[in-house]
Amino acid sequence: MATRLPKDYAPSDSEPFMNARQREYFRRKLVTWKDDIIRETRETVSSLQEGNLNLPDVTDRAASESEKTLELRTRDRQRKLINKIDAALGRLEDQTYGYCEETGDPISLKRLDARPIATLSVEAQERHEKRERVFRDD
């Protein structure tokens, strides 16, 4: 049975962590985000198919190709983002969503609201980024 949410609902620290209402809130947020990305991707594909003009000016052609390349790179990043959204939806299903993969502690609701695909708490993410900087080849 679907959980009903008031229109102005926002997760709160005063309620039990990852209760049915919070899970439904984040599920809707993730699904909406994914749908928006898919819609934008369809629009991009459509515009790329229609915008196949043979521009006579070399500079205009180069600018057009550069814009297309940038758009395709953006769409590729969004394709990877869809995979992360799907993984987050899977974690909602198995009720591991909202818990840090490293520590098992709850991820703050503010962080999840800002980054619904987060898998690490702020502290764990900072440690992860610090390790990346230390071991990165410069």
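Residues numbered from 1 in each chain as written. Predicted model: local features only at pLDDT ≥ 70, side-chain atom pairs only at ≥ 80, totals over all residues. Heavy atoms only, no water.

Under an unreviewed UniProt entry, the name given to the protein chain is RNA polymerase-binding transcription factor DksA, and the organism recorded is alpha proteobacterium IMCC14465. Reading the Subunit (unreviewed entry) entry of the UniProt record for the protein chain gives the comment "Interacts directly with the RNA polymerase." Recorded in UniProt for the protein chain, the comment headed Function (unreviewed entry) runs: "Transcription factor that acts by binding directly to the RNA polymerase (RNAP). Required for negative regulation of rRNA expression and positive regulation of several amino acid biosynthesis promoters." (UniProt positions renumbered as here; feature names shortened; annotations may be inferred.)

J.: What's the story with the UniProt feature "zinc finger region: dksA C4-type" (unreviewed entry) in the protein chain in this structure? I'm lost.
T.: This chain's UniProt record puts "zinc finger region: dksA C4-type" (unreviewed entry) on residues 100-124. Taken end to end, residues 100-124 is 36% helix and 0% strand, and its first and last C-alpha atoms sit 8 Å apart. (Helix = DSSP H or I, 4+ residues; strand = E, 2+ residues; numbered from the N terminus.)

J.: Any chance you could explain the domain arrangement of the protein chain here in plain terms?
T.: When the parts come together, some accessible area is lost, and that loss is often what is quoted as the size of the interface. Parsing the protein chain into structural domains produces domain 1 (16-97) and domain 2 (99-137). In this structure, domain 1 and domain 2 have C-alpha centres spaced 22 Å apart. With 16 residues of domain 1 at the contact, the number on the domain 2 side is 12 residues. For the pair domain 1 and domain 2, the summed buried surface comes to about 1,200 Å²; carbon and sulfur atoms form 66% of the total. At the boundary of domain 1 and domain 2, one finds one salt bridge. Inspection of the region where domain 1 meets domain 2 yields five residue pairs in polar contact (both at pLDDT 80 or more). Mapped by element, the contributors of at least two residues to the side of domain 1 that touches domain 2 are helix 1 (20-50) and helix 2 (58-93). Ranked by the residues each element gives to the side of domain 1 that touches domain 2, the list is headed by helix 1, at six residues. (Domains from an automatic or database assignment. Contact = heavy atoms within 4.5 Å. Buried area = accessible area lost by both parts, 1.4 Å probe. Salt bridge = Lys/Arg side-chain N within 4 Å of Asp/Glu carboxyl O. Polar contact = N/O pair within 3.5 Å; in protein donor to acceptor, adjacent residues only side chain to side chain.)

J.: Please explain a negative patch on the surface as it appears in this structure.
T.: Together, Asp-105, Glu-123, Glu-126, Glu-129 and Glu-132 give the surface a local cluster of negative charge. Turning to its location among the elements, Glu-132 is positioned in helix 4 (residues 122-135). (Patch = residues over 30% accessible without salt bridge, like charges linked within 9 Å, V, L, I, M, F, W, Y side chains within 5 Å. Areas by Shrake-Rupley, 256 points an atom, 1.4 Å probe, with all protein chains shown as cover. Lys, Arg positive; Asp, Glu negative; His and termini not counted. Charge placed at Lys NZ, Arg CZ, Asp CG, Glu CD.)

J.: What am I meant to see in the nonpolar core here?
T.: Note on soluble globular proteins: their nonpolar side chains tend to be buried together. Judged by nonpolar contacts, the single largest core of 22 residues is most densely connected at Met-18, Phe-26, Leu-30, Ile-85, Tyr-97, Leu-112 and Ile-117. Sorting the residues of this core by element identifies helix 1, helix 2 and helix 3 (109-114) as the ones contributing at least two each. Ranked by residue count, the leading element in this core is helix 2, at six residues. Taken domain by domain, the makeup of this core includes at least three residues from each of domain 1 (16-97) and domain 2 (99-137). Those residues within four positions of Leu-30 in sequence are excluded, and the remaining contacts are Ile-85, Ala-88, Leu-89, Leu-92, Tyr-97, Pro-116 and Ile-117. (Core = buried A, V, L, I, M, F, W, Y, C linked by side-chain atoms within 4.5 Å. Buried < 20%, exposed > 50% of the residue type's maximum accessible area, 1.4 Å probe, protein only.)

J.: What should I look at first to understand helix 2 in this one?
T.: Structural remark: α-helix, 3.6 residues per turn; residues separated by three or four positions point the same way. For helix 2, built from 36 residues, the straight-helix expectation of 52 Å at 1.5 Å per residue is met to within 8% by its first-to-last C-alpha distance of 52 Å. Taken together, the buried positions of helix 2 are occupied by Ser-64, Lys-68, Arg-75, Gln-78, Leu-81, Ile-82, Ile-85, Ala-88, Leu-89, Arg-91 and Leu-92. In the stretch just after helix 2, Gln-95 is the one whose phi turns positive, near 60 degrees. (Expected span 1.5 Å × (residues − 1).)

J.: Help me out: how do you make sense of the packing of aromatic side chains in this one?
T.: Two aromatic rings, taken as a pair, are described by how far apart their centres are and by the angle between their planes. Tallied over the entire structure, the rule returns four aromatic pairs. Aromatic pair Tyr-9 and Tyr-25: ring centres 5.8 Å apart, planes at 70 degrees, arrangement edge-to-face. Of this pair, Tyr-9 sits in the segment before helix 1 while Tyr-25 sits in helix 1; the two residues are 16 residues apart in sequence, bridging distant segments of the chain. Neither Tyr-9 nor Tyr-25 differs from the other in exposure class; each is buried. Their ring planes at 45 degrees and their centres at 5.5 Å tell us that Phe-26 and Tyr-97 sit as a pair that is tilted. Linking Phe-26 in helix 1 with Tyr-97 in the loop between helix 2 and helix 3, this pair joins segments that are 71 residues apart in sequence. (Phe/Tyr/Trp six-rings, centres within 6.5 Å; stacked < 30°, edge-to-face > 60°.)

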